[in-house]
Amino acid sequence: AFSLHSPWRWRREISNLLAALRQKFPNQTILFTNIPPIKSFPAFTPLIKFVIGNLGEIFGEELDYLLKYHPNTFFYARKITLEDWVDRLGMDATPEDFFSDGVHPSQLTYQTWAKDCVRFIQAEKIDL
């Protein structure tokens, strides 16, 4: 999203990535998640949040479409929002707690993201 690629170019690059992964790991389960909540990055201006955040959401839609044609490949398509995590996971955290420097995820974010992905894997009964 930060490179401002077109969705078509991004889809081509993801296709190339999938081909390379399948060549090296033909039978492994592959899981993609949505990108971090760029629209919540404290260090970004409203314009950057809008442009990059929306582009990231478009990339997620492209990824969801693309992966339908790849067996044993999954996309946890739920949009990541800090409000959702706090409410759904019963957390006591502020938006600032999720970022180490206003842009990069904090340890709390990585732990929460991992736990949320595990819940998805368990709910979908994905065989790893």
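Residues numbered from 1 in each chain as written. Predicted model: local features only at pLDDT ≥ 70, side-chain atom pairs only at ≥ 80, totals over all residues. Heavy atoms only, no water.

Undergrad: Explain the environment of L63 to me, please; I cannot follow it from the model alone.
TA: Here L63 shows up in helix α2 (residues 46-67). Not counting the four nearest positions on each side in its chain, L63 is found in contact with W10, I14, F32 and F75. (Helix = DSSP H or I, 4+ residues; strand = E, 2+ residues; numbered from the N terminus. Contact = heavy atoms within 4.5 Å.)

Undergrad: In this structure, what is going on with the pairing of strand β2 (residues 73-76)? I would like to understand it.
TA: Regular strands place side chains that alternate from one sheet face to the opposite one. Examined bridge by bridge, strand β1 (residues 30-33) and β2 share four bridges and lie parallel to one another. Of the residues in β2, the one forming a bridge with I30 is T73. This β-α-β element, β1 to α2 to β2, shows right-handed connectivity. (Pairing = 2+ DSSP bridges. Right-handed = clockwise from strand over helix to strand, strands pointing away.)

Undergrad: When you look at α2 in this model, what are you seeing that I'm missing?
TA: One full turn of an α-helix is made of 3.6 residues, so residues set three or four places apart face in the same direction. An ideal rise of 1.5 Å per residue puts 32 Å on 22 residues; α2 measures up with 31 Å between its terminal C-alpha atoms. Buried residues of α2: I52, G53, L55, G56, F59, G60, E62, L63, L66 and L67, and no others. Those residues of α2 that are buried are in contact with α1 (7-24), β1 and β2. (Expected span 1.5 Å × (residues − 1). Buried < 20%, exposed > 50% of the residue type's maximum accessible area, 1.4 Å probe, protein only.)

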